[in-house]
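# A closer look at the structure
Listed here are the chains, written in short residue letters.
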Amino acid sequence: MSDVKITIRENGPYRVEGDVPLFDHQGNRIQPSKPGGYSLCRCDGSTNKPFCDGTHSKIGFIGARMAVEAADADKKPGATS
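Residues numbered from 1 in each chain as written. Predicted model: local features only at pLDDT ≥ 70, side-chain atom pairs only at ≥ 80, totals over all residues. Heavy atoms only, no water.

## Concerning a nonpolar patch on the surface
Among the surface-exposed residues, V4, I6, I8 and Y14 lie close enough to one another that they form a single nonpolar patch of about 370 Å² accessible area. Relative to the helices and strands, Y14 is located in strand β2 (residues 14-17). (Patch = residues over 30% accessible without salt bridge, like charges linked within 9 Å, V, L, I, M, F, W, Y side chains within 5 Å. Areas by Shrake-Rupley, 256 points an atom, 1.4 Å probe, with all protein chains shown as cover. Salt bridge = Lys/Arg side-chain N within 4 Å of Asp/Glu carboxyl O. Helix = DSSP H or I, 4+ residues; strand = E, 2+ residues; numbered from the N terminus.)

Right, dumping it as structure tokens:
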């Protein structure tokens, strides 16, 4: 197996690099448009699911950690919403 790397971009997609096969719910292999890697949508806004199309940057998607931190800050006494 070739080297594989999966990077979770803070407010963006999961970046998959290397020869990692991807399959749909019926077991059919999905071929990325470019060899060597692909980015998987996390924001649920992509029109090219499961692949990222950059929509996350247009809709202001924030990753789970930052979203939880923001929600916790809003719950603190004296916080304004």
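That covers the picture; the talk isn't over yet.
## Comments concerning the state of the cysteines
The tally for this structure, following the rule as stated, stands at zero disulfides. We note that C43 lacks a disulfide partner, and the nearest cysteine sulfur, in C41, lies 3.9 Å from it. For C43, a relative accessible area of 17% corresponds to the buried category. With no disulfide of its own, C52 lies 6.1 Å from the sulfur of C41, the closest cysteine sulfur. (Disulfide = S-S within 2.5 Å. Buried < 20%, exposed > 50% of the residue type's maximum accessible area, 1.4 Å probe, protein only.)

## A short note on the nonpolar core
Counting residues in hydrophobic clusters, the biggest one holds five residues: V16, L22, Y38, L40 and F51. Residues in contact with L22, not counting those within four places in the same chain, are N28, R29, I30, Y38, L40, P50 and F51. (Core = buried A, V, L, I, M, F, W, Y, C linked by side-chain atoms within 4.5 Å. Contact = heavy atoms within 4.5 Å.)

## Comments concerning the confidence of the model for the chain
Chain-level pLDDT for the chain is 86 on average; 90% of the residues reach the 70-or-more range. Model confidence for the chain, summarised as mean pLDDT per element, is weakest for helix α2 (residues 64-75) at 74 and strongest for β2 at 95. (pLDDT = per-residue confidence, 0-100.)

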